[in-house]
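Letter by letter, the chains look like this.
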Amino acid sequence: MDTFGVGMIGCGSVAEEYIKAFGQDERSEVRALVTPDPGEAERYRDRYELKCAIETDAAVMLQRKDVDIVVVCTPHNTHTEYAVAAAEAGKHTIIEKPVALTPKDVQRQRQAVKKAGVKTLVGFVLHWNPLLISIDRLISQGAFGRIFMVEVDYMHRIWLTPEQKWYGSREQSGTAILTGGCHAVDALRWFARGEVEHVSAYQVKTENPIEYPGTISVNLKFAGGMIGRSTTTFDARMPYRFNIGIYGTEGTLRNDELFAPKLFPGQNNFMKIPCILPDSADVAHHPFVGEVSHFLDCIINDERPYPDLEDAAKTHAICFAADLSAESGRPVEISEIYRGL
């Protein structure tokens, strides 16, 4: 069996989880780490006993014939340069979310990937969380009947200055919905099984020292009439929560509580789904092993990964529309985001 060589660009906490995940799959091997600070890479090399090169220049790593997969785990505003370069080098690529901070940069990545014919996966890692997998299967089974509303929230206290962490910077990290809330928007699209047409959003800036408004509330209208709602907040003093609501004519779900008498005749109250929840801000809690395994499966079997860059572009369009709506004080059509590209 061939072993796929992996090159990591960026050596932060998320990169460590990818290193661990690829290391647990016998089909892959980390062969290069790229970071401006070699000390960061040396720490991971020694901790996980990697036999890998350490580079400060991604271009050097991209020339390696023994690297088949590249993982982009750098500050958000640098994703495009690395994702485009990886595609041009013929490497399959995992791009951490958000893939980019502007529609034009998303489009640049899409064009490069399409031209190169490589596979991509965007790091919406909660696709491999047991609760979200269970919800997806319940929807496919028709447990909720006709779903008319979906809501997903991303609530995570991020209260810091840009000097403390780069993701407090608007230039490097973007906005609240791009920095973290895109996870919720991705899940909302997944469960709604449809495409958004209109977005209306409001935001508020508190005393939080991050450089962008830390709270945004978004209302969505899907083609076909379904509606959706998503709130992102970094401002509230509270534990991390990833709230999910599915509302249908035959059943309802609120987080890990299910009411589906269509499946359970005689049910007269919510029942708990006993599984691992997505309610943790610790990246070590997130199912990177499932994400990596899926990507390797798709490369080997020549199948389309999900969510790939093409699918993630639709999630990002909603995020861009929400930010534009909140900043301009008006509803925004998704088609407006694509004009001029």
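Residues numbered from 1 in each chain as written. Predicted model: local features only at pLDDT ≥ 70, side-chain atom pairs only at ≥ 80, totals over all residues. Heavy atoms only, no water.

Chemist: Can you walk me through empty space enclosed by the protein in this structure?
Modeler: Any space left empty among the atoms is revealed by the rolling of a water-sized probe across them. On inspection of all chains with the given rule, the structure shows two cavities of 30 Å³ or more. Space inside the second largest cavity adds up to approximately 60 Å³. Lining the second largest cavity, in full, are Arg-170, Thr-175, Ala-176, Gln-203, Tyr-212, Pro-213, Thr-215, Ile-216, Asp-323 and Glu-327. Only strand E10 (215-222) and helix H10 (309-328) provide two or more residues apiece to the lining of the second largest cavity. Split into classes, the residues belonging to the lining of the second largest cavity amount to four nonpolar, three polar and three charged. (1 Å grid on protein atoms, 1.4 Å probe; cavity = no way out; pocket = protein on both sides within 12 Å on 5 of 7 lines; lining within 4 Å. Points joined across faces, edges and corners; volume = space filled by probe spheres on them. Helix = DSSP H or I, 4+ residues; strand = E, 2+ residues; numbered from the N terminus. Nonpolar A, V, L, I, M, F, W, Y, C, P; charged D, E, K, R; others polar.)

Chemist: Is there a simple way to explain the pattern of salt bridges in this structure?
Modeler: Where charged atoms of side chains with opposite charge meet at close range, the side chains can pair. Tallied over the full model, the rule gives 21 salt bridges. When the shortest N-O distance is used, the salt bridge between Glu-29 and Arg-31 registers 2.9 Å. Under the relative-accessibility criterion, Arg-31 is labelled buried at 15%. With a shortest N-O distance of 3.3 Å, Arg-45 and Asp-46 are connected by a salt bridge. Several salt bridges share partner residues, and in doing so they unite Glu-151, Asp-153, Arg-229 and Arg-254 into one network. (Salt bridge = Lys/Arg side-chain N within 4 Å of Asp/Glu carboxyl O. Buried < 20%, exposed > 50% of the residue type's maximum accessible area, 1.4 Å probe, protein only.)

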